[in-house]
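Topology and contacts: notes
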Amino acid sequence: MEFTAQLKERAKSNKQRIVLPEGTEERTLTAADTILGEGFADIILIGNPDIINADAKRLGLKNIGKATIVNPVSYPKMDEYVNLLVEIRKSKGITEDEARKLVTDPLYLSVLMIKNGDADGEVAGADNATGDVLRPAFQIVKTLPGISVVSGAFVMIMNNKEFGEDGMMVFADCAVHPDPTASELAEIAVASASTARSIAGFKEPRVAMLSFSTKGSAKHKMVDKVLEATAIAKQLAPDLIIDGELQSDAAIIPSIGKKKAGDSKVAGKANVLVFPNLECGNIAYKLVQRMAHAEAIGPVLQGMAAPINDLSRGCSVSDIVNLVAITANQAAGSKQ
Ligand code: ACO
């Protein structure tokens, strides 16, 4: 079965409530209709109900009646969410008036719903920049215990089956943290292996810590950072199969891996690529997506204490549907 079909099947077996704060955005509304039709998640749309219903009618959508619609300017739990936000952000000096304004912002409201147990996950970003989607999540749900940094992974599905797991690989960080320190990069590596297991279904993640150098071929402080990150990741997860620093060809091409890093368990057979910073990761995934016509599923946010995922504003309806399927899987997984 195709990867996305598997995700949907798994999501269907343990349905989660996914909130879409951009409920009046056309691609989001169309995706919600598809998801409700396929029945793999319950959908909460935030937006003016009159606008949502009129748009659904105009677009010929048949399933929006099954969604829960929350009007951000009038809903029964408004006072409860104001108190919750004040409580969470009091150390940052938030006032009740500021909180009252923020809880009408769909991007804050959706995260507060998750924090309060009224939703299980969120997908947004078709209409809002990454920073605006992530900031409320960072402020309200924060990171998982023991994790200091959120990052974003993509499951890359390539037509060329010779790479990774039958053409499937995990790339990270491609979406969130611009310039990680060595210890943050180590956390990103460990989190990416976990995403590779839980979302991509890899039985044995093999993590390559990428650089412009392989095993000391170049000397530079940027190379040192990757080496240090690799050593820290080994301490954090002693059983993890990880190696670095490796150039990308040494990581994925068996003959080059053998030549440049002969005794490595990762070189030539990596299925998880960890980039040294966001510039590399973001540029790389978009090039592979466009030039190799790969499917790029994500970004799957890793390290956040609740499943909240951000779309690219250039996303398609099927990108939204797929990311909801991933988010629903993360939500179900976090309850096990
Ligand atoms: N992980 C966890 N928490 C974080 C992270 C992170 N990576 N980054 C910031 N935070 C927290 C801070 O600790 C702070 O918490 P506090 O208010 O409780 O103290 C809060 O978030 C806000 O911190 P700021 O420093 O104000 O963060 P800012 O909002 O300036 O930046 C952001 C965060 C928006 C994620 C920034 O790092 C960014 O712009 N990253 C790039 C995103 C991007 O453009 N990606 C490429 C496009 S996505 C794509 O192509 C798929």
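What counts and how
Residues numbered from 1 in each chain as written. Predicted model: local features only at pLDDT ≥ 70, side-chain atom pairs only at ≥ 80, totals over all residues. Heavy atoms only, no water. Near = heavy atom within 4 Å. Polar contact = N/O pair within 3.5 Å; in protein donor to acceptor, adjacent residues only side chain to side chain. Areas by Shrake-Rupley, 256 points an atom, 1.4 Å probe, with all protein chains shown as cover. Helix = DSSP H or I, 4+ residues; strand = E, 2+ residues; numbered from the N terminus. Nonpolar A, V, L, I, M, F, W, Y, C, P; charged D, E, K, R; others polar. Domains from an automatic or database assignment. Salt bridge = Lys/Arg side-chain N within 4 Å of Asp/Glu carboxyl O. Buried < 20%, exposed > 50% of the residue type's maximum accessible area, 1.4 Å probe, protein only. Pairing = 2+ DSSP bridges. Axes fitted to C-alpha atoms, helices over the stretch in contact; angles between N-to-C directions. Contact = heavy atoms within 4.5 Å. Buried area = accessible area lost by both parts, 1.4 Å probe.

Bringing the site of the ligand into the picture now. The ligand sits among 20 residues. The nearest are Arg 89, Arg 135, Val 150, Ala 175 and Val 176. The side chain of Arg 135 places a nitrogen or oxygen atom 2.5 Å from an oxygen atom of the ligand. Residue His 177 places a side-chain N or O atom 3.3 Å away from a nitrogen atom belonging to the ligand. Computed on the free molecule, the ligand has an accessible area of 1,000 Å², of which 64% lies beneath the protein chains in the complex. Secondary-structure elements contributing two or more residues to the shell around the ligand are helix H7 (130–140) and helix H12 (278–291). Broken down by element, the shell around the ligand gets its largest block of residues, five residues, from H7. Partitioned by chemical class, the residues of the shell around the ligand number ten nonpolar, six polar and four charged. Both of domain 1 (3–142 + 309–334) and domain 2 (151–291) provide at least three residues apiece to the shell around the ligand.

When charged atoms on two side chains of opposite charge get close, those side chains can pair. Under the defined criterion, the tally for this structure stands at 17 salt bridges. Lys 77 is paired through a salt bridge with Asp 118; the nearest N and O atoms lie 2.9 Å apart. With Lys 77 in the loop between strand S3 (68–70) and helix H4 (78–89) and Asp 118 in the loop between helix H6 (106–115) and strand S4 (121–124), this residue pair connects regions lying 41 residues apart in the sequence. Taking the relative accessible area as the measure of exposure, Lys 77 reaches 31% and is therefore partly exposed. Judged by relative accessible area, which is 17%, Asp 118 ranks as buried. Linked by salt bridges that have partners in common, Glu 26, Asp 55 and Arg 58 make up one network.

Strand order in the open sheet formed by six strands is S8-S7-S9-S6-S5-S10, and the pairing between neighbours is mixed. With one partner strand each, in any of the chains shown, strand S8 (241–246) and strand S10 (295–302) form the two edges of the open sheet. When strand polarity is set aside, the average angle formed by the axes of neighbouring strands in this sheet is 20 degrees. Where strand S7 (residues 206–210) lies against strand S9 (residues 272–274), three bridges are found, and the strand directions are parallel. The residue of S9 that forms the bridge with Ala 208 is Leu 273. Relative to strand S5 (residues 151–157), H12 is tilted by about 20 degrees, and along the sheet it contacts S5, strand S6 (168–172) and S10.

To continue, consider unusual backbone geometry. The bulk of non-glycine residues show a negative phi, and the bulk of peptide bonds are trans. Residue Glu 245 is bonded to the preceding Gly 244 through a cis peptide linkage, with omega at 0 degrees. With an omega of 0 degrees, the peptide bond between Gly 298 and Pro 299 qualifies as cis. Structurally, Pro 299 can be placed in strand S10. Although it is not a glycine, Lys 215 adopts a positive phi angle of roughly 50 degrees. By the secondary structure assignment, Lys 215 is in the loop between S7 and helix H9 (221–236). For His 293, which is not glycine, the phi torsion reads 50 degrees and is therefore positive. Structurally, the position occupied by His 293 is in the loop between H12 and S10.

Our focus in this paragraph is the sheet that holds S4. Pairing is parallel in the open sheet, where five strands are placed in the order S3-S2-S1-S4-S11. Edge positions in the open sheet fall to S3 and strand S11 (308–310), since each of these has one partner strand only. When strand polarity is set aside, the average angle formed by the axes of neighbouring strands in this sheet is 20 degrees. Where strand S1 (residues 17–20) meets S4, two bridges bridge the pair, whose relative direction is parallel. Note that in S4 the partner of Val 19 across the bridge is Glu 122. Along the sheet face, H7 touches S4 and S11 and points at about 165 degrees away from the line of S11.

Assigned domains within the protein chain: domain 1 (3–142 + 309–334) and domain 2 (151–291). Put simply, the middle of domain 1 and the middle of domain 2, counted by C-alpha atoms, are 31 Å apart. Contacts between the two partners involve ten residues from domain 1, matched on the other side by nine residues from domain 2. With both sides pooled, the region where domain 1 packs onto domain 2 buries about 580 Å², and carbon together with sulfur makes up 75% of that total. When the buried surface of domain 1 facing domain 2 is broken down by residue, Phe 3, Arg 10 and Ile 326 rank first, second and third, together holding 58% of it. Where domain 1 packs against domain 2, one counts zero salt bridges. For the pair domain 1 and domain 2, the interface holds one residue pair in polar contact (both at pLDDT 80 or more). When its residues are assigned to classes, the side of domain 1 that touches domain 2 shows five nonpolar, four polar and one charged.

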